[in-house]
2 protein chains.
Amino acid sequence: MAEPIEFYFDFSSPYGYLLSEKIDEVAARHGRKVKWRPILLGVVFKATGSAPLTLQYPAKAEYSVRDFERSARFLGVPYRHPSKFPLATQAAARAFYWIHGQNHRLSRDFVHAAFRALFVESRDISSLDTVLDIAAEMGLDRAQVAAGIQSQEIKDRLKTEVDGAIAKGVFGAPYVIIDGEPFFGADRLPQIERWLETGGF
Amino acid sequence: MAEPIEFYFDFSSPYGYLLSEKIDEVAARHGRKVKWRPILLGVVFKATGSAPLTLQYPAKAEYSVRDFERSARFLGVPYRHPSKFPLATQAAARAFYWIHGQNHRLSRDFVHAAFRALFVESRDISSLDTVLDIAAEMGLDRAQVAAGIQSQEIKDRLKTEVDGAIAKGVFGAPYVIIDGEPFFGADRLPQIERWLETGGF
C-alpha cells in the first residue's frame, strides 16, 4: 500500500476544516490513508513571524472571513464562522493524540467531530470541558480522556509533533505532504487530486 | 454588456502572471472584458505590513518558488522563475498606463508581453531599457513611450491607481473584482469561473 497522506492542521484553521472534509474521500479513491497531525499554529507563527489571517490588516481580515464562507459554499461544506475566533487548540490537539494512542479510527472521527463542533456549531473548543463533551458524545470515557490530556506524556507528544512539523518545513496549515511533495492550503485540492492520479506532474 | 472584470496585479507577481494567462479566455466566455490595473505591491505591502513571499521565512520562500512552478505546470502555462526576483515594476506599470491612454487593446498586449518577458524569458523588466525594448517589439515608438513613462501625468496616474486600489481593499495581488465580489489569488480561478457562470453562489 502506498504511503499515507500527511495532513498537518490546527483545529482553529477554517481552511484546515474545509480540506479535512474532502481529504478522506480523495485519499480513499487513490488507495491512501490519511495521517492526521494536529499542530499549534501559534507556535508555528512564532517561528515564521506570521499571524492568524483575521488578526492581520483589516481589509485582509475582512476578505478572509468572506473567503472562508464562500470557499465552504464552493466546496459544498457547511460553515458558520465561529463567534470566538481565533482560539487556543491545545486541549483538542492533546485529546487527539491521546485518543490516537487508544484507537486510530476513533482519532479520525474525533478530528471531524471537533472541527464540526467549532465550524458548524460554533462551540468553544478552546475549553477543556467542550473537548471532553465532544469525546463523551463519541462514547469515550470523560475521566480517562481528561487524564490523558493532562498527562505529561501527551503534552510532550504534542510538543514533539509541532517541533517535528516546523523542522519538516511546515509554515502554515493545512499543509499536506504526499510522497515528499508539499501542498499548502485547501485551495491546492485540485493539485493534490492530480498529483495522486498521475504520480506527479 | 456586463461590467468588466477588474484585475489588479503587479508585474512582478508570479500568480498574477499565471492568472493573466487564463483570465482573457474566461472573461470572453462570459461576455466580459478585463479591466487591467497594474499596481505596486511594494506600496500595498507598506500599508498592510506584508512582504514578498520569497523574502519571508525560508521554508515559506522555498515552498513558494516550488509552488509557482508546479502551479504553472498545473495550469499549462510556461514558467521559468526569474533570475532577478523580486524586482521593481514602476517602469512597466507606467508604460502600461501611457499605452492605455493611446490604445486599450495594445495595453492588454503589453501586459502579456511584459509578463512573459519576465516569467518566461527571465528579462529584467525593472530596467527602463528592457521595458522600452518590449514596447518597441510591439511596434511602439521607443522615444514616445520613454517620454510617456517619464511624464508627471503618468507618474501621478500610477500613484492614483495604487492609492485607489488600497482604498478599495486590495491587500495583495492578483486581486480580481467581479460585480463587487473580491477574489484574491490565482487559485481562486475555479471560484471566479463558477461565479461568472452562476452570478454568485
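Refer to the structure presented above.
I will try to describe carefully the structure that is included in this document. Just so we're clear, the structure is a prediction, and the values are computed from it rather than from any experiment. (Residues numbered from 1 in each chain as written. Chains lettered and ligands numbered in written order. Predicted model: local features only at pLDDT ≥ 70, side-chain atom pairs only at ≥ 80, totals over all residues. Heavy atoms only, no water.)

### What about the pattern of salt bridges?
- All told, the structure shown has 40 salt bridges over all chains when counted by the stated rule.
- A salt bridge links R66(A) to E181(B); the nearest nitrogen and oxygen atoms lie 2.6 Å apart. Taken as a pair, R66(A) in helix α3 (residues 58–75) and E181(B) in strand β4 (residues 181–184) lie in two separate chains rather than in one.
- Judged by relative accessible area, R66(A) falls into the partly exposed class, the value being 36%.
- Looking at E181(B), the relative accessible area reads 8%, which means it is buried.
- E137(A) serves as the salt-bridge partner of R123(A), at 2.8 Å between the closest nitrogen and oxygen. Here R123(A) is found in the loop between α5 (104–119) and α6 (128–137), whereas its partner E137(A) is found in helix α6, with 14 residues between them in sequence. (Salt bridge = Lys/Arg side-chain N within 4 Å of Asp/Glu carboxyl O. Helix = DSSP H or I, 4+ residues; strand = E, 2+ residues; numbered from the N terminus. Buried < 20%, exposed > 50% of the residue type's maximum accessible area, 1.4 Å probe, protein only.)

### Remarks on the interface of chain A and chain B
- Across the contact, 29 residues belong to chain A and 29 residues belong to chain B.
- Three residues, Y57(A), R70(A) and F74(A), lead the burial of chain A against chain B; their summed loss comes to 24% of the area buried on that side.
- Summed over the shared surface of chain A and chain B, the number is eight salt bridges.
- Among the salt bridges present, the one from E181(B) reaches R70(A), with a minimum N-O distance of 2.7 Å. (Contact = heavy atoms within 4.5 Å. Buried area = accessible area lost by both parts, 1.4 Å probe.)

### A closer look at the relation of the copies chain A and chain B
- After a rotation of 180 degrees and a shift along the axis of 0.0 Å, chain A superposes on chain B with an RMSD of 0.0 Å. Expressed as an axis order, the relation between the two copies is that of a two-fold axis. Proximity to the rotation axis, assessed at the C-alpha, singles out D187(A) in chain A; its C-alpha lies 3.1 Å from the axis.
- The overlap is high: 100% of the interface residues of chain A also sit at the interface in chain B, so the same surface is used on both sides. (Least-squares fit on C-alpha atoms with pLDDT ≥ 70 in both.)

### What to know about helix α1 (residues 14–29) of chain B
Residue and element names in this part refer to chain B.
- The end-to-end C-alpha separation of α1 is 24 Å, in line with the 22 Å expected for 16 residues at 1.5 Å each.
- Considering bend angle alone, the principal kink of α1 is centred on K22 and spans about 35 degrees.
- Looking only at α1, the buried set comprises P14, Y15, G16, Y17, L18, L19, S20, I23, V26 and A27.
- The secondary structure elements touched by the buried residues of α1 are β1 (5–9), β2 (34–38), α3 (58–75), α5 (104–119), β3 (175–178) and α9 (189–198).
- The positive-phi residue at the C-terminal boundary of α1 is G31, with phi of around 65 degrees. (Expected span 1.5 Å × (residues − 1). Bend = angle between axes of the 7 residues up to and from the residue.)

Everything listed here is a matter of geometry and, on its own, says nothing about what the molecule does.
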